[in-house]
Structure formats: C-alpha cells, structure tokens
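# Coordinates in review
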Amino acid sequence: MMFSFPDEVLEHVFSFIQSDKDRNSVSMVCKSWYEIERWCRRKVFVGNCYSVSPRMVIRRFPEFRSIELKGKPHFADFNLVPDGWGGYVFPWIAEMAGAFPWLEEIKLKRMVVTDESLELIAKSFKNFKVLVLSSCEGFSTDGLAAIAASCKNLKELDLRDCEVDDLSGHWLSHFPDTVSLVSLNISCLGSDEVSFSALERLVGRCTNLRTLRLNRAVPLDKIANILRRAPHLVEFGTGTYAADLRPDVYSDLAGAFSSCKELKSLSGFWDLVPAYLPAIYPACSKLTSLNLSYATIQSPDLIKLLSQCPNLQRLLVLDYIEDSGLEALASTCKDLQELRVFPSDPFGAEPNVSLTERGLVAVSSGCPKLQSVLYFCRRMSNEALVTIAKNCPNFTRFRLCIIEPRTADYLTLEPLDVGFGAIVQYCKDLQRLSLSGLLTDRVFEYIGTYAKKLEMLSVAFAGDSDLGLHHVLSGCESLRKLEIRDCPFGDKALLANAAKLDTMRSLWMSSCAVSFGACKLLGQKMPRLNVEVIDERGPPDSRPESCPVDKLYIYRTVAGPRFDMPPFVWTMEDDPSLQLS
Amino acid sequence: MSEVDMAVTKPEMMKSYIWLQTADGSIQQVEQEVAMFCPMICHEVIQKGLGSSKNYAISLPQRVNPAMLSLILDYCRFHQVPGRSNKERKSFDEKFIRMDTKRLCELTSAADSLQLKPLVDLTSRALARIIEGKSPEEIREIFHLPDDLTEEEKLEPLKNTTDDPRIRLLNRLYAKKRKELKERQKLKNVEVEEERVDDRSVDDLLSFINGDGGDSKGIKTSKSKKKNRRRKDQQKSTSTNEAIKNHNKELNGLNSVCCSVEIGQKSWSGVGASSNLHDVEDDIFASKNELDDGEIDDEIDPALKEKIDREVEDFARRLNSDWPERMQEILSFGHERKPVHFSLNGNGSLRRYASM
C-alpha cells in the first residue's frame, strides 16, 4: 500500500533535504520520486568531472542553480599528477552557458580554469552570485577583472589556494559601485601589487561583507583602515603581519580589532612578529577558528595566544607549537574539534622542533570533542596510537604523516600496524584515514575488518604484498576513494576486486607493481571504468606487458573515455572485440 | 470529547461554530476561531458563506479524514491563541509531530489540502528528517514504494543516445579505419601509432576528414602556436579560438564532400551531440552490422583513401601535439547551440530522437 502525495507536497518535503547523498538516495527510490527529485534539484555535486558529461547533467537536472565540480585526483596536491593531465572546466562552462543562463553558483576544486572560462561565465550568467575556486590554476587577474566587471550580483569570490597569474592589482577596480560582496578571499594572489585604495573602497561599499581574506602583499599598517570599514566581519585573513613596532600603528590596530565584535575566524599572519600579536587579543575570546599555518612564531608566544582563545574549535598551526604548546592547548581549548599541525622543515634530516607523539596524545586526552586531525611528526609509537584511539572514539578524519617513510615504532621498533588497527577499531565513524610509518599487510587486514565507514584512504610506502590491497578492497564497504603510492601492490588484488572499483569514485596507484597487461585487462572487462595509464617515460606498449606502469588512475564513469588527454595518458580500451590483436 | 457536547452544556458562552463535513459523511461543529485558522475553511466561509449550519456544512477535501481533522484542529486550537511565546509553540510542535510515519504522511497530505502552510512545513520537515541518512531500499520500505527503476536507470537514468547521424557515419568510418589499420599493422608492424589511433578514435576520424580536404596548414599552424604545451593555459586559450575557427571551416567543407548522404549542408558546429564521445563508443557497437553493407566504400574515392591513409600515419605521429585538448575545446564550443534546430534526415535518426 503506497501512500500517495500530490507531487508538490513531495517536492516540498524534498526541499528540506539538501545533502547530495540524500538527494541521490531519494532519486533512486522509485520512478516517480526520481522524476520529481530531478526537477527540483537546485545543487548538483559532481565529485569527478570525468564521471559524467555536462550534457547529461543538464539533461537530468533542468533546474539547478549551483554546481560543484572536482577535477584532478587528490595526489595532485603532492605534485604526483603531471601538468596537463586534465580537469578542464571550459567544456562545462560552455555547455551550461548555452542551456542555463540562470546559473548562480560555480564551485570548482583542482580544475584548470582559463581566463576564457571566466570571461564566458561573466558573459553568460546574468544572476551569477558565487564563484569558489579551490586549488585551481590556469587563469589570471584578467579573467577576474571580467568577473568583477560583469557579475553585478556577485556575492562570493573565493580563490583559495589557487595559482593565479597576478598581472595587476587593477582588477579590483572593475567592481561596480553597486556590488555588495559577502565574501572575498584573495589570499592566494602572489604579486606585491595591490591597489590599496581600490581595496579600501571596495570593502567600504560592501556593507554586507562577512568574510575577507587578504593576500600577503597587504601590509600590517593597512589592516586597521580596512577593518574599520568592515566592522561586521566574521572571518578575516590578514596580509603580512610584520612591521617595526610603532605605538601608533599598534594602538590603531588593536582598536580596529576590538571594533569588530563579530569576528570568529582569523587567518593570514604571514611572517608574524610576536610584538603585534596582542593586538588581536580583544577578538580572541570569541574566536572559533584560527589559522596560523604561515605564522613562524615559537611555542611560548603560541601558548600565550592560545590561552586567550577558550572557544577555539579549529586550529591550524606549524610544528613550532611543540609538545608543550599542544599540552597547553589541551588544557585551554576544550571545544577543539579540528587540529592540523604542519611541518616547518619537512625536508630537514634532523628534527628542528620538539614535536612528538606526546603532543597529539595530550590533545586527544584533553579535548573530548576532537574529530579531525592532520598531524605531521617524526616519531610515533603503537602505545601512543592506542591511547589516542581510546581517547577519541569520535574521530571522523585521522591523517598521520610521519615524515620519514617506513619509520617504525620508536619504542619497540615494530611496525605501527597495531596502533592504526586500534584507530580503526575504536573509531567506528572514521571516514578518512591517512597512514604512514612502517606498516605490513597486517594493518590492511585491520582496516578491512573494522573500517566499515571509511570513505577515503591514503597509503604510502606500506604493505608487503597484494594481500594488503585485497584486504582493503574486499573489506571496506564504504570506500569511495583510494590513493596509493610506492607500495608493493600488483595485479592480483586489483583484478580479483575489479567489481569493487565500480562502487568507488576513484583509485590512484603510483610507483606500485601493477602491470600494463593488467591495466589492459581491467579496461577490457570493466566498461564503466576509465582505466588511465599515466606514464611520462613513453607509451606503455613499447615495453613488455608485464612491466609495471608508472601511474594508474581508475575511475568510474558513464561518459566513456575522455578525449582531452595529454600524450602521456592512455585510456585502456573498453571492449575486447575492438582490440586490435 | 466533541465540541457539540460543550456547546450544549455551556450555552452562555455564546461561541460561534463552523460546521464541517468529512468525506465519510460525518459532520461536526468546531469553534470558529479554531476552524478559521485553516485558509481553506476560511475561504469557504467568507467567499461562499458556508459552514454556518449543519445543512450548509463545509465539505472538506477527501484527504482529510476524521482522525486527521481531529489532529489538525488540535494544532489550530493551540496555535490560534495569540499570546503564546515562540518557545511554547516550538515545544508544542515537537511533541505534536511525534507519530508513526503513516500518520505523518496522511497529516501532511491533509494539511496541504487545507492549505495550512505552517503545519505543512512542520510535517514536511519531519518527513525529510525521516528520509535523511537512509538508503533507497530503506526509504522504499518505510513509505511502501515500488522498486520500479531498472538496473540501467539506476546507473544513468537518462540513457545517452546518439542523436546525430554524423556521429554514426563517423563511427562507421572509424570502424573501417580500424580495420585498415589492423591490416597495415600486420604488414608494417607499427605498434606505436596504432595505440594512439585506438585511443583517439574520433580525433583520428575528424583529423582525416580535416587533413583531407581542408587546410592541413591549419593544423600545423596551431601546433606551432602550442609548441610549448606545458606553459600556462592562459596562452593556449587565445590560440584555441583561432584553431576552433580554422577547424570549423575545414570541417564544414569536408562534410559536404564525403558525407553528403547523411549530413547534408549543416555546419559541424551545430552538432550538440558531439560532446558525448561516449555516444561514439555506444554507436560503434550498434553499427557493427552496418560495417559490411558496402555503403562506405561507395562514398570514399580511392585516391582520397590513399591520401587518408598517409594522413592517418602522419597524424598518429603528430598526436604528440595537443590535438586532444583542442578537440575537446572544439567539441564543447559546438554545444553552445542547441541541437533543436538540427533537422533530421532519414528514419534512423528520427528513431533515435524519439527514444530520447
């Protein structure tokens, strides 16, 4: 017995369901729900831009207003994906430009965006409001100027971690007088040229500005003026936070920070000098997020600062904080949910700071709400990991990066299998895990057995044999993204678990032992996968089939093989009857 | 306890009542201020003057059965009192909404038919919370819905069909080309070029059409412009426009030369379907039979064929250029124009359109 609703009622119910996962579930319930849902989906998320064609998306969702696309695989952040691999957004923009003049939001991650694309956006979408480019590249401030000039309704322009050809600061002057930005993040712009007057004027007339992240070129003595023009800022990123100490500049700055009563998040702080740090103290008690990953200050100053921030939920900091700083953090910031500790000198042979596993253990013990960790350090022990796991069963993201590959437990000299095993066993809601240190196939057995909610796994320099990979592919039910480098995983596990790949977004394997023959076979047998072999040494078939490929990127798709590949990328053929042999 | 009883026992209250009739025939009277909280009832009273007596009871929509009416009236009775604080109202709502899913569905539907928006919102949100976090199977179970999507539809519900006869022809030519190359491989044993041709099927095809009648200089020019392909895309995009214009011209000319039967005089840039190179693959399987019909041989002049062979070999070598990238640009550039204006030739193409 089915209860029947009028379609509008069902649509109204769906309007309260916004997450992509849930919308996808709703659309898969039955034919009528599928139809209703597709007409009222307003936000589309495509986790891999090559998994579907823009045309298909537009056909299926005729009324969306917002699209989010991701391009290159995550390991591109570590320079493992050669330049020119792909991830071009232009075809998407071109397709949407014709069909969707009412598009309002575009959010891109790790894609190649050209000035041409930006100009097309500016020209085609009259009600364009939000542009978020995260880790994108390929464009210049000329493209930004086009956006600024034409998008009269622009509310958000966020260029986080992009590589922008910063040709001139003049693009800021292209914003019309009527624009009312809510969010502006230009922290990635590299040139020293900033038009301060244009910036100040812009900030002054955007009365609804809530997020402003400046770039390094904005000097400390300009901050006060800018802050005074935006007293309702909630999120603020400074430029260079260094200058010779001058009392007038200092008091100006302190006054400006106190007048921003709604500040919750601070970032920037390039080249931070401790002398000016107390200027932000008035804002500290309300701070929930602090990004000091460019601030090269030492532990004592950090401790003093953190003692002012009891409501901190999110902290990004360099390892200058040391174990002592983390212990102080653990006692002051009881609401901490996310911690990221970055290495100040990752390539140095010897540790330059006293940051060990002790710091992380302290935080895990003192901060009961801790959920997300990214921690770079040089030593770890199974004992510490077990303690951490027991302290924080609520972890959703745990990424541990022991800087030197294959580092054993420093106390027992054993592999860290048991430690990570404890993490997956106790943290039942773990969604993302990055492994490091000396690890055998054992750790993968634990992961396959316990990590049932794990969606993303990053592995480097670990494991002994195909068994390791087999455990993960056969055991991790929720696995969507798997990225592996420099591990002795070969053909067997991959071919035996080929069907699993259809249920995942993507698999990346570089410097492993997967042969070209296996790649070809996989490509033949799995029509819904694109099996890409990336090899800058030359065509893989100029070597024996048993030869391992350099890099392998496999992803599921309904759009078939792509045709925008550079010469060092080959997609394996789908159908055996088309093989030329 | 019904309102009627109250009215009888306390005549001195002098309340006004509205008479309501549910679909099952039963009639009841409800305090006016409570009933009027429902826009639909309000409308019936004011616009049509109904509800003042038993004989002129307002007929409620079918979706409002007595049980649902009772619930709705409870809701109205509470909320129509003006003095209540937001906190009180919220607290009432939270308790009110606790019921099994079946009743919740009925209530949503009933509230909607009475146009009682606040209650529709409340119940809709509650239903949304029930749906959130569940798998399609679980949702189907809860709402007793049929599992009527096919496996194919679950994967990609809007099946991708090739709606362009040009693509089909290209596929046939492609398949033929592959056969030829296979022969050549046996003779010459040139493996490298073949591998390239394999992966770039449509590119290859378009290139031989291109290189054939068009200006092969065009290709060379754009190649030299993009010699340094590792430089920023910014530079590439300017030369891309140039390349697109060149190629569109060349392709137009060629279409009328070798593909007159299927394609006619339309410009290549009008093809919206070309983005779906997936279509191309699809169609290869579909048109395998057509390979043998000999039609293709009739269309390609042998001298042209020679030239094509040479071009392909030459082009396979030059595939070290950025051709694939530009191809994508070209193909996507064509999408700006909708395929609606494209007129259909022959039954084959019509059938494909109909299946969309």
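How each quantity is defined
- Residues numbered from 1 in each chain as written.
- Chains lettered and ligands numbered in written order.
- Predicted model: local features only at pLDDT ≥ 70, side-chain atom pairs only at ≥ 80, totals over all residues.
- Heavy atoms only, no water.
- UniProt positions renumbered as here; feature names shortened; annotations may be inferred.
- Helix = DSSP H or I, 4+ residues; strand = E, 2+ residues; numbered from the N terminus.
- Rg over C-alpha atoms; globule rule 2.2 N^0.38 Å.
- Buried < 20%, exposed > 50% of the residue type's maximum accessible area, 1.4 Å probe, protein only.
- Contact = heavy atoms within 4.5 Å.
- pLDDT = per-residue confidence, 0-100.

Identification of chain B as SKP1-like 21 from Hibiscus trionum is taken from an unreviewed UniProt entry. The annotation that UniProt attaches to chain B under Pathway (unreviewed entry) is "Protein modification; protein ubiquitination." Annotation of chain B in UniProt includes, under Function (unreviewed entry), the sentence "Involved in ubiquitination and subsequent proteasomal degradation of target proteins. Together with CUL1, RBX1 and a F-box protein, it forms a SCF E3 ubiquitin ligase complex. The functional specificity of this complex depends on the type of F-box protein. In the SCF complex, it serves as an adapter that links the F-box protein to CUL1."

Chain A carries the name transport inhibitor response 1 in an unreviewed UniProt entry, which gives Hibiscus trionum as its organism. Per UniProt, the comment on chain A under Pathway (unreviewed entry) is "Protein modification; protein ubiquitination."

### What to know about the overall build of chain A
In terms of regular secondary structure, chain A is built from 21 helices and 23 strands. On C-alpha atoms alone, chain A measures out to a radius of gyration of 25 Å, which is about the 25 Å that the 2.2 N^0.38 rule sets for 581 residues. Viewed in the frame of its principal axes, chain A has a C-alpha envelope of about 80 × 65 × 60 Å. The burial tally for chain A puts 62% of its 581 residues in the buried class. Of the contacts made within chain A by residues no fewer than 6 positions apart, 70% connect residues no fewer than 24 positions apart.

### Structural notes on the UniProt feature "domain: F-box" (unreviewed entry) in chain A
Under the feature "domain: F-box" (unreviewed entry), the UniProt entry names residues 5-46 of chain A. Secondary structure content for residues 5-46 of chain A is 62% helix and 10% strand, and the end C-alpha separation is 30 Å.

### Quick look at the confidence of the model for chain B
Close inspection of predicted coordinates is inappropriate in any region flagged by low pLDDT. Residue and element names in this part refer to chain B. Predicted confidence across chain B gives a mean pLDDT of 62, with 38% of residues reaching 70 or more. Of the regions scoring below 50 in pLDDT, residues 333-356 engages in 42 contacts with residues more than four places distant in sequence or in other chains. The complex prediction reports pTM at 0.75, with the ipTM value standing at 0.80.

### Topic: helix α6 (residues 115-124) of chain A
An α-helical segment advances 3.6 residues per turn. Residues three or four places apart therefore align on the same side. Within α6 of chain A, eight of the 10 residues are buried, which leaves it mostly tucked inside the rest of the structure. Asp 115, Glu 116, Ser 117, Leu 118, Leu 120, Ile 121, Ala 122 and Ser 124 of chain A are the residues of α6 of chain A that are buried.

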